[in-house]
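Fold and contact review
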Amino acid sequence: MAKAPPPLPPAVRRSPPTTIESSRDRERLRTVVFPEHSDLARAVAERIVEVIHRETRAKGRAVLGLATGSTPLGVYEELIRRHQAGDVDFSHVITFNLDEYYPMTPDSPHSYRRYMWENFFAHVNIAKQNVHIPDGTIPRERVADACAAYEEAIRAAGGIDFQLLGIGKTGHVGFNEPGSDATSRTRIVTLDTLTRKDAAADFFGVENVPREALTMGVATILDAKEIALLATGEHKAAIVARAVEGEISTDVAATFLQRHQSVTVYLDLPAADELTRIKTPAPSTARSSTGCATRFVAGPSSRRTSGCSSSRPIPMTTSSRWAAFSASCGRTRTRSSSRT
Ligand code: PGA
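In this text, all values refer to a predicted model and were calculated from it rather than measured experimentally. (Residues numbered from 1 in each chain as written. Predicted model: local features only at pLDDT ≥ 70, side-chain atom pairs only at ≥ 80, totals over all residues. Heavy atoms only, no water.)

Side note on the sheet that holds strand S3 (residues 93–97)
Two orientations exist for strands paired in a sheet by backbone hydrogen bonds: parallel and antiparallel. Ordered by their spatial adjacency, seven strands build an open sheet running S1-S10-S9-S6-S2-S3-S5, and the pairing between neighbours is parallel. A strand with exactly one partner marks an edge of an open sheet, and here the two such strands are strand S1 (30–34) and strand S5 (131–132). (Pairing = 2+ DSSP bridges. Helix = DSSP H or I, 4+ residues; strand = E, 2+ residues; numbered from the N terminus.)

Things to note about the packing of aromatic side chains
In total, this model carries 10 aromatic pairs according to the counting rule given. Between Tyr101 and Phe175 the ring centres are 5.4 Å apart and the planes differ by 45°, which places this aromatic pair in the tilted class. Of this pair, Tyr101 sits in strand S4 (residues 99–102) while Phe175 sits in the loop between strand S6 (162–165) and strand S7 (187–190), and the two are 74 residues apart along the sequence. Using a relative accessible area of 4% as the deciding quantity, one classes Phe175 as buried. Taken together, Tyr76, Phe90, Trp117, Phe120 and Phe121 form an aromatic cluster joined through their ring pairs. (Phe/Tyr/Trp six-rings, centres within 6.5 Å; stacked < 30°, edge-to-face > 60°. Buried < 20%, exposed > 50% of the residue type's maximum accessible area, 1.4 Å probe, protein only.)

A closer look at the site of the ligand
Around the ligand, the neighbouring residues are Gly69, Ser70, Thr71, Gly166, Ile167, Gly168, His172 and Lys236. Residue Ser70 places a main-chain N or O atom 2.9 Å away from an oxygen atom belonging to the ligand. Here Lys236 contributes a side-chain N or O atom positioned 2.5 Å from an oxygen atom of the ligand. Expressed as a share of its isolated accessible area of 280 Å², the protein-covered part of the ligand is 76%. Because more than half of its atoms lie within 2 Å of the grid, the ligand is assigned to the largest pocket. Here the shell around the ligand is built from residues that sort into one nonpolar, six polar and one charged. (Near = heavy atom within 4 Å. Polar contact = N/O pair within 3.5 Å; in protein donor to acceptor, adjacent residues only side chain to side chain. Areas by Shrake-Rupley, 256 points an atom, 1.4 Å probe, with all protein chains shown as cover. 1 Å grid on protein atoms, 1.4 Å probe; cavity = no way out; pocket = protein on both sides within 12 Å on 5 of 7 lines; lining within 4 Å. Sits in = over half its atoms within 2 Å of the grid points. Nonpolar A, V, L, I, M, F, W, Y, C, P; charged D, E, K, R; others polar.)

Some details on the confidence of the model for the chain
The pLDDT averaged across the chain works out to 83; a share of 77% of its residues lies at or above 70. Contacts for the low-pLDDT stretch residues 285–340, under 50 throughout, to residues beyond four places or in other chains number 114 contacts. (pLDDT = per-residue confidence, 0-100. Contact = heavy atoms within 4.5 Å.)

Some thoughts on the environment of Met216
Within the secondary structure, Met216 sits in the loop between strand S8 (212–215) and helix H6 (218–222). Remark: the alpha-carbon pair of Met216 and Val173, spanning 43 residues in sequence, is separated by 9.1 Å. Once residues within four sequence positions are removed from consideration, Met216 is found in contact with Phe96, Asn97, Leu98, Tyr150, Ile154, Ile160, Gln163, Asn176, Arg185, Thr186, Arg187 and Ile221.

Some remarks on the sheet that holds S8
Strand order in this open sheet of three strands is S4-S8-S7, and the pairing throughout is antiparallel. Edge positions in the open sheet fall to S4 and S7, since each of these has one partner strand only. Pairs of neighbouring strands in the sheet enclose a mean axial angle of 30°, with direction left out of account. Bridge count between S4 and S8: four bridges; the pairing is antiparallel. When the bridges of S8 are listed, Tyr102 appears paired with Glu212. Helix H4 (residues 143–156) rests against S4, S7 and S8 of the sheet, and its axis sits at about 120° to S7. (Axes fitted to C-alpha atoms, helices over the stretch in contact; angles between N-to-C directions.)

Some remarks on the layout of surface pockets
To find leftover empty space, a probe the size of one water molecule is rolled over the atoms. Roughly 870 Å³ of volume is contained in the largest pocket. Broken down by element, the lining of the largest pocket gets its largest block of residues, three residues, from helix H5 (residues 193–199). Broken down by class, the residue content of the lining of the largest pocket amounts to 13 nonpolar, 15 polar and six charged. (Points joined across faces, edges and corners; volume = space filled by probe spheres on them.)

As for the pairing of S8
In S8, alternate side chains face the same way, and those of Glu212 and Leu214 on one face and Ala213 and Thr215 on the other are all buried. Looking at chain direction, S7 and S8 are connected through four bridges and run antiparallel. Looking at S8, one finds that Arg187 is bridged to Thr215.

A short note on the pattern of salt bridges
If you walk through the whole model with that rule in mind, you get 20 salt bridges. Taking the shortest distance from any N to any O, the salt bridge between Arg82 and Glu46 comes out at 2.7 Å. With a gap of 36 residues between them, Arg82 in helix H2 (residues 73–84) and Glu46 in helix H1 (residues 37–59) connect regions that are remote in the sequence. On the basis of relative accessible area, Glu46 is assigned to the partly exposed category, the value being 31%. Note that Arg81 is salt-bridged to Glu78, the shortest N-O span being 3.3 Å. In this pair, Arg81 and Glu78 are both assigned in helix H2, three residues apart and thus about one turn of the helix distant. Taken individually, Arg81 and Glu78 each receive the classification buried, so the pair is uniform in this respect. (Salt bridge = Lys/Arg side-chain N within 4 Å of Asp/Glu carboxyl O.)

A look at the nonpolar core
Ranked by size, the top nonpolar core spans 40 residues in total, and within it Phe96, Leu257 and Leu267 carry the most contacts. Dropping the residues within four chain positions of it, Leu257 is found in contact with Leu29, Leu165, Ile221, Leu222, Ile227, Leu229 and Val263. Listed in part, the 35 residues of the second largest apolar core include Val49, Ile52, Met116 and Ile126. (Core = buried A, V, L, I, M, F, W, Y, C linked by side-chain atoms within 4.5 Å.)

Observations regarding the pairing of S6
With burial as the criterion, each face of S6 is covered, one bearing Phe162 and Leu164 and the other bearing Gln163 and Leu165. As paired elements, strand S2 (residues 62–66) and S6 share two bridges and run parallel to each other. Note that in S6 the partner of Gly65 across the bridge is Gln163. Relative to strand S9 (residues 226–231), S6 runs parallel, the two sharing four bridges. Paired with Leu164 across the strands is Ala228, a residue of S9.

Right under this line is the structure:
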């Protein structure tokens with residue numbers, strides 16, 4: 001397995017995360033927008049630590065549903081840091097990953113099993129037998145049984161307490177591509193062309209991206225007690241707006257989250273760019289009691305500003321939106337860089 005990395009530097013003590021508040025009338029999912037990307041990772045990691053503490057106290061174990069991709073990497077880094085600081089013990093944590101390419105060998109650089117060990121599991125005290133990841137090496141004739149066994153293992157563990165999700169440009173959660181319905185369970189699926197194109201760079205060509213994957217279903221995900229959907233980067237803005245503000249539809253699997261009682265969507269600013277509260281906030285709701293609801297400069301050298309007194313609505317074109325809003329508030333703003 002992966003070599004242990006050098007210990008991470010201790011977390012810098014900072015003020016509580018800044019979030020953007022504004023009208024949420026159109027939002028069908030509870031959504032939190034973080035000007036600073038690192039605050040997003042810290043907030044999600046903190047919630048996971050709380051769930052682990054609560055569940056291990058209550059029933060002796062905590063069950064996490066985990067995701068791969070670039071989006072959750074900061075969360076895993078923060079959880080490793082919290083573990084090294086002695087804040088969280090993973091010895092009674094059971095995990096179930098959402099998905100794996102099919103076919104896929106565990107030692108492949110594209111394997112999600114390898115991703116999870118290299119980026120997270122190898123650096124915390126999780127027991128190997130408590131880790132569950134769909135097996136991309138299962139012979140095709142045994143795939144259906146293996147998927148049923150995965151569902152049974154989740155049930156036997158007592159269900160998932162906290163499910164971490166990313167979202168793909170197709171609106172997939174796990175690999176539930178357009179067409180996946182609310183009753184779907186763990187199964188083999190065909191990947192959408194857009195998903196394969198998005199993965200093409202990692203695989204050095206779309207022709208090398210597997211055409212299929214094993215994934216938890218929408219119903220499997222909705223069975224989790226609490227769900228966190230994370231999205232970062234401008235390339236996710238359109239699908240995030242569809243998932244958060246759009247009608248429930250099999251065209252966008254993430255919209256089914258609207259049927260769940262306990263979902264939080266965690267966004268950085270670029271990923272929130274197409275939400276109505278950011279794109280076209282009403283003048284009355286774009287302002288806080290101190291004058292401006294979104295006073296900040298995002299990016300690596302973020303700092304808060306004050307003294308905004310604009311009551312103008314934010315201009316609507318994507319390219320000029322933030323610059324114009326900054327100007328209307330009499331301050332500068334830089335975008336935080338998108339993650340790929
Ligand atoms: P990403 O993938 O985190 O790499 O953007 C998310 C997903 O496709 O679910």
